[in-house]
Amino acid sequence: MRTRIKELRARYDMTQDDLARKIGVRRETILFIENGKYIPSLKLAHDISKVLKTTMDELFIFDKG
Amino acid sequence: MNEKARFWRFVGILVTVLVVGGSFAIVSVSGSAGNLWTLVPALILVIMAMIALVVARKKMKELKSGIPSEDERSSAIRMRAGYLAFFISLYFVLGMSFFHAMLEDNQVSSLPTSEWLMVYVAAMGSIFLALNAYLTRKGVPT
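Residues numbered from 1 in each chain as written. Chains lettered and ligands numbered in written order. Predicted model: local features only at pLDDT ≥ 70, side-chain atom pairs only at ≥ 80, totals over all residues.

How should the nonpolar core be read in this particular structure?
One recurring pattern in soluble globular proteins: nonpolar side chains tend to sit buried together. Ile 5, Leu 19, Ala 20, Val 25, Ile 30, Phe 32, Ile 33, Tyr 38, Leu 44, Ile 48, Leu 52 and Leu 59 of chain A form the largest nonpolar core, which has 12 residues in total. Where this core is concerned, the elements lending two or more residues are helix H2 (16-23), helix H3 (27-34) and helix H4 (42-51) of chain A. Excluding residues within four positions of it along the chain, Val 25 of chain A makes contact with Ala 20, Ile 30 and Leu 44 of chain A together with Pro 68 and Asp 71 of chain B. (Core = buried A, V, L, I, M, F, W, Y, C linked by C-beta atoms within 7 Å. Buried ≥ 20, exposed ≤ 12 C-beta atoms within 10 Å, placed from the backbone. Helix = DSSP H or I, 4+ residues; strand = E, 2+ residues; numbered from the N terminus. Contact = placed C-beta atoms within 7 Å.)

Written as structure tokens, this is what we have:
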């Protein structure tokens, strides 16, 4: 899984800590999601996409295979 | 449960464990003077208190800065660590039980079973903490 979180964070001039605080999770959780090492729940994915003003489909890219 | 209540629940459990464990260690040491094995529970307790102090300080710092002490990833890690620690502990206790029985048969160990149980519980806790720390760094398989 790849994500566009880092790119969109940069667009809104947001740090991992800022995003984590807005969603109410720990910073490490954002770091692991960004690196594709943790697949978030539907609710968390929805919350992240809402804060980054995008859709879940645009934010998370699942590679085939 | 909010963060503050969760922190004070942690402190409450910790104080209870340390008081009960401390009383047990005092009774155990005073009841059998000269037997160094009875110092094991006291030693475990000191180690537990030191670890707890570090964890409490970290939690207090996080509480003050508004970082949630738990989220869905940390819950997933805790559950995975608990699951793995349960099975590893089963094998550990089984292995140590044979070792304990062997020591008793050869009259090498004079540590009572209750003290051995404390060692087992401390080992289980340590396995859980080690797995928790490892999975926090490496991540849980999804």
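What should I look at first to understand the interface of chain A and chain B in this one?
How big an interface is tends to be stated in terms of accessible area lost as the parts join. Facing the 11 residues of chain A at the interface are 9 residues of chain B. Per-class residue counts for the side of chain A that touches chain B are 5 nonpolar, 3 polar and 3 charged. (Nonpolar A, V, L, I, M, F, W, Y, C, P; charged D, E, K, R; others polar.)

I keep staring at the packing of helix H3 (residues 72-105) of chain B against helix H4 (residues 113-138) of chain B and nothing clicks. Help me out?
Packed helices, taken two at a time, are described by their axes: the angle between them and the distance between them. All names here are of chain B. Orientation of H3 relative to H4, taken along the N-to-C sense of each, is 145°, at an axis distance of 8 Å. The element H3 and its partner H4 pack so that their crossing is right-handed. Among the residues forming the contact of H3 with H4, the class breakdown is 16 nonpolar, 5 polar and 2 charged. (Axes fitted to C-alpha atoms, helices over the stretch in contact; angles between N-to-C directions. Left-handed = near helix turned anticlockwise from the far one by under 90°.)

Please explain the packing of H2 of chain A against H3 of chain A as it appears in this structure.
All names here are of chain A. Where H2 contacts H3, the axes come no closer than 8 Å and their chain directions differ by 110°. When the interaxial angle is binned, H2 and H3 end up roughly perpendicular. In the crossing of H2 with H3, the sense of the turn from one axis to the other is right-handed. On H3, the residues touching Gln 16, Asp 17, Leu 19 and Ala 20 of H2 are Arg 27, Thr 29, Ile 30 and Leu 31. (Parallel < 35°, antiparallel > 145°, perpendicular 65-115°, else oblique.)

Help me understand the domain arrangement of chain B in this model?
For chain B, the assigned domains are domain 1 (1-69) and domain 2 (71-142). Spacing between the C-alpha centres of domain 1 of chain B and domain 2 of chain B amounts to 18 Å. (Domains from an automatic or database assignment.)

Honestly, helix H1 (residues 3-31) of chain B in this entry has me stumped. Any pointers?
The terminal C-alpha atoms of H1 of chain B, which comprises 29 residues, lie 42 Å apart, in line with the 42 Å expected from a rise of 1.5 Å per residue. Here H1 of chain B lies mainly on the outside; 2 of its 29 residues are buried. (Expected span 1.5 Å × (residues − 1).)

Explain the environment of Val 140 of chain B here, please?
Residues and elements named next belong to chain B. Mapped onto the fold, Val 140 is located in the segment after H4. Separated by 61 residues in sequence, Val 140 and Met 79 place their C-alpha atoms 9.9 Å apart. If near-sequence neighbours (up to four positions away) are discounted, Val 140 is found in contact with Ala 76, Ile 77, Arg 80 and Leu 135.

How should the environment of Leu 52 of chain A be read in this particular structure?
Residue and element names in this part refer to chain A. Counting through the fold element by element, Leu 52 comes out in the loop between H4 and helix H5 (56-59). It is 7.7 Å that separates the C-alpha atoms of Leu 52 and Tyr 12, two residues lying 40 residues apart in sequence. Residue contacts for Leu 52: discarding those within four places in its chain leaves Ile 5, Leu 8, Tyr 12 and Leu 59.

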